[in-house]
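Overview (structure and organization)
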Amino acid sequence: MIRLAKKSLTSMQDAYSALQTAIQIEFGTLPPYLYALYSILPDTNAAATKRIKAIVMQEMIHFCLDCNILNALGGSPMIANPSVVPHYPGPLPGDLGGLTIHLYPFSMPAVQQGMNIETPEDGPIDFPQEKLLAMPQYQTIGQFYAELDRYLATLPASAWQVNRHQITDAQYLVGNLFAVNSYADAQRAIVEIVSEGEGGPKSPVDFQGDLAHFYRFEEINRNQLLTKANNPKGYAWGAPLGVDWGSAFPAISDPSTHDFSQDPPAAVAAQNACNTAYSQMLRELQRAMSGEPDRLGNAVRAMFDLRMTALRALNTPLSDGKSVAGPAFLFVPL
């Protein structure tokens, strides 16, 4: 579970800071999820691939919605900036819980990490109470967004700048992305972000009736479908999902910590290509969220380039003759 410093928002600057943190958290989940997704061998693990890919798409939407809220309030998202780009292994922004995020290939540790990130406030996984008492005051992601919503509700209508640098489904993600031009729009965005990540109160499903991110990861982890059932909780673990942990590339974890100087030139070139594609994606996202919405299409193309360069890296052996390395997700400034 991600635990953020507890703070009451009392000014617009506080809201700017909170939204920038939200943007970094939502984006920060993408590399570990993509690393796991890319490392699944082609034409295997269809159910796991479908679930992780859906989570990635929703995290991207959450990232865009947070940018829309910040832009609507007159702020400016920071994306392609070395000071805000996440590094792996490392923590997500603001986390007090000591949760170090790694780049794991598709495996039980990768899926467990996804569950740790997406754990709902009232979910089945939590730290022992005695450890929580020794920590500073914190708030979960859900509580973080609740405080943001509380402050946004106090703003006058004049605080919202209509159609300022908004990304909508006219550019991409049809039917899922909308402009934020008022508090009502911002509240809708916050409800969707929290619901899709954690589910509803005491429920594994989001506002659309789909399983929340935590429970999709748990399905993979348990290798079982979570289905509706006639019991007090309304759900039960049922049929096998068909997970094959062995059907993954033999990728190393945390490639940013690996010394590639002794590896074949092809492996080094593949890493450089991955970093170039990732950096280009970040730069295009920065422009798209800063008043050039048409650049979102370029960012999407850069993400496809990243996938292709990642597959090249995953098919290039390292010097040990058996391991490969996926993308390190390193940002290279111009």
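Along each chain, residues carry numbers from 1 onward, in the same order as the chain's sequence is written. The predicted origin of the model limits local features to residues at a pLDDT of at least 70 and limits the giving and counting of side-chain atom pairs to 80 or more, whereas totals for whole chains, interfaces and linings rest on all residues. Side-chain measures were taken over the full set of non-hydrogen atoms in the model, leaving aside hydrogen atoms and water.

A separate point is the side chain of Glu-192. For helices the rule is a DSSP run of H or I covering at least 4 residues; for strands it is a run of E covering at least 2, with both sets numbered from the N terminus onward. Within the secondary structure layout, Glu-192 lies in helix H7 (residues 183-198). Relative accessibility under 20% of the residue-type maximum defines a buried residue, over 50% an exposed one, and the middle range a partly exposed one, all with a 1.4 Å probe and only protein chains included. Taking the relative accessible area as the measure of exposure, Glu-192 reaches 10% and is therefore buried. Note on contacts: a residue pair qualifies if any of its non-hydrogen atoms lie within 4.5 Å across the two residues. Those residues within four positions of Glu-192 in sequence are excluded, and the remaining contacts are His-62, Leu-65, Asn-176, Phe-178 and Phe-207.

With that settled, consider the pattern of salt bridges. Definition used for salt bridges: Asp or Glu carboxyl oxygen within 4 Å of a side-chain nitrogen of Lys or Arg. Under the counting rule described, the total for this entry stands at six salt bridges. Glu-219 is the salt-bridge partner of Arg-51, the closest N and O atoms lying 2.7 Å from each other. Here Arg-51, found in helix H3 (residues 46-72), pairs with Glu-219, found in helix H8 (residues 213-222); they are 168 residues apart in sequence, far enough to count as distant.

A separate point is the packing of aromatic side chains. Working definition: an aromatic ring pair is given by the centre-to-centre distance plus the angle between the planes. Centre distance within 6.5 Å is the pairing criterion for rings of Phe, Tyr and Trp, where only the six-membered ring of Trp is used; planes under 30 degrees apart are then read as stacked, over 60 as edge-to-face, and the remainder as tilted. One pass over the structure, following the stated rule, counts seven aromatic pairs. An angle of 25° between the planes, with centres 6.4 Å apart, marks the rings of Phe-27 and Tyr-278 as stacked. Taken together, the residues Phe-27 in helix H1 (residues 12-28) and Tyr-278 in helix H9 (residues 265-288) connect sequence positions 251 residues apart. On the accessibility criterion, Phe-27 (5% relative accessible area) is buried. Plain terms: the ring middles of Phe-144 and Tyr-145 are 5.5 Å apart, the flat faces sit at 80° to each other, and that makes the pair edge-to-face.

Moving on, we get to the environment of Glu-284. For Glu-284, the location among the structural elements is in helix H9. Along the backbone, Glu-284 and Lys-228 are 56 residues apart, and their C-alpha atoms lie at a distance of 42 Å. Those residues in contact with Glu-284, other than ones at most four positions away along the chain, are Arg-295, Asn-298 and Ala-299. A polar side-chain atom of Glu-284 sits 2.9 Å from a polar atom in the side chain of Gln-280. Here the side chain of Glu-284 touches Arg-295 through a polar contact of 2.8 Å, side chain to side chain. Pairs of N or O atoms are called polar contacts if they sit within 3.5 Å, as long as, within protein, a hydrogen donor faces a hydrogen acceptor (for residues adjacent in sequence, only side-chain-to-side-chain pairs).

Right, let's talk about H3 for a bit. Residues that lie three or four places apart on an α-helix share one face, since the helix turns once every 3.6 residues. Helix length check: H3 (27 residues) gives 39 Å between terminal C-alpha atoms against 39 Å at 1.5 Å per residue, within 8%. With 22 of 27 residues buried, H3 lies mostly within the body of the structure. Phi for Gly-74, located one or two positions after H3, is positive at around 95°. A helix is expected to span 1.5 Å for every residue after the first.

Time to look at the packing of helix H4 (residues 108-118) against H8. Relative orientation of the contacting elements H4 and H8 amounts to 155°, with a least axis distance of 8 Å. When the axis of H4 is compared with that of H8, the two are roughly antiparallel. With respect to the hand of their crossing, H4 and H8 are arranged in left-handed fashion. On H8, the residues that touch Met-108, Val-111, Gln-112, Gly-114, Met-115 and Glu-118 of H4 are His-213, Phe-214, Phe-217, Glu-218, Ile-220 and Asn-221. Polar here means any residue outside two lists: the nonpolar Ala, Val, Leu, Ile, Met, Phe, Trp, Tyr, Cys and Pro, and the charged Asp, Glu, Lys and Arg; Gly therefore counts as polar. Considering only residue class, the contact of H4 with H8 consists of six nonpolar, four polar and two charged. Where helices are involved, their axes are fitted lines through C-alpha atoms of the stretch in contact, as for all axes, and angles between N-to-C directions lie from 0 to 180°. Should an angle fall under 35 degrees it is taken as roughly parallel, and over 145 as roughly antiparallel, whereas 65 to 115 is taken as roughly perpendicular and any remaining angle as oblique. Take the far helix as your reference; a near helix turned counterclockwise from it by less than a right angle gives a left-handed crossing, and one turned clockwise gives a right-handed crossing.

Looking at the element boundaries, Glu-196 is found in helix H7. Counting rule for charge: Lys and Arg are taken as positive, Asp and Glu as negative, and neither His nor the chain ends is counted. Lacking a salt bridge, the buried Glu-196 has Arg-216 as its closest oppositely charged neighbour, with an N-O distance of 6.7 Å. Sequence-distant contacts of Glu-196, that is, excluding residues within four places in its chain, are made with Gln-58, His-62, Asp-206, Phe-207, Gln-208, Ala-212 and His-213.

Another aspect to go through is the nonpolar core. One broad rule of soluble globular proteins: the nonpolar side chains tend to lie buried together. Counting residues in hydrophobic clusters, the biggest one holds 96 residues, and the most contacted among them are Phe-63, Ile-69, Phe-106, Leu-152, Trp-160, Leu-285 and Met-289. At 14 residues, H3 tops the list of elements feeding residues into this core. The residues touching Phe-106, leaving out its near neighbours within four places in the chain, are Ala-36, Ser-39, Ile-40, Asn-45, Ala-48, Ile-52, Val-111, Ile-220, Val-243, Asp-244, Trp-245 and Ala-248. Only buried residues count toward a nonpolar core, which is a set of Ala, Val, Leu, Ile, Met, Phe, Trp, Tyr and Cys residues joined through side-chain atoms within 4.5 Å.

Attention now moves to the packing of H1 against helix H2 (residues 30-38). The contact between H1 and H2 brings their axes to 5 Å, and the two run at 10°. Compared by their axis directions, H1 and H2 come out roughly parallel. When H1 is examined against H2, the residues Glu-26, Phe-27 and Gly-28 are found in contact with a partner set consisting of Leu-30, Pro-31 and Pro-32. Looking at the contact of H1 with H2 residue by residue, the classes come out as four nonpolar, one polar and one charged.

Turning next to the state of the cysteines. A pair of cysteine sulfur atoms is labelled a disulfide when the two atoms are within 2.5 Å. If you walk through the whole model with that rule in mind, you get zero disulfides. Cysteine Cys-67 remains unbridged, with the sulfur of Cys-64 as its closest cysteine sulfur at 6.4 Å.

We treat two strands as partners when DSSP finds at least two bridges between them. Both strand E5 (residues 224-228) and strand E6 (residues 235-240) contribute to a ladder of four bridges, which runs antiparallel. Bridged to Leu-226 within E6 is Trp-237. If you look at the hairpin formed by E5 and E6, you'll find six residues sitting between the two strands, and Gly-234 has a positive phi there, around 85°.

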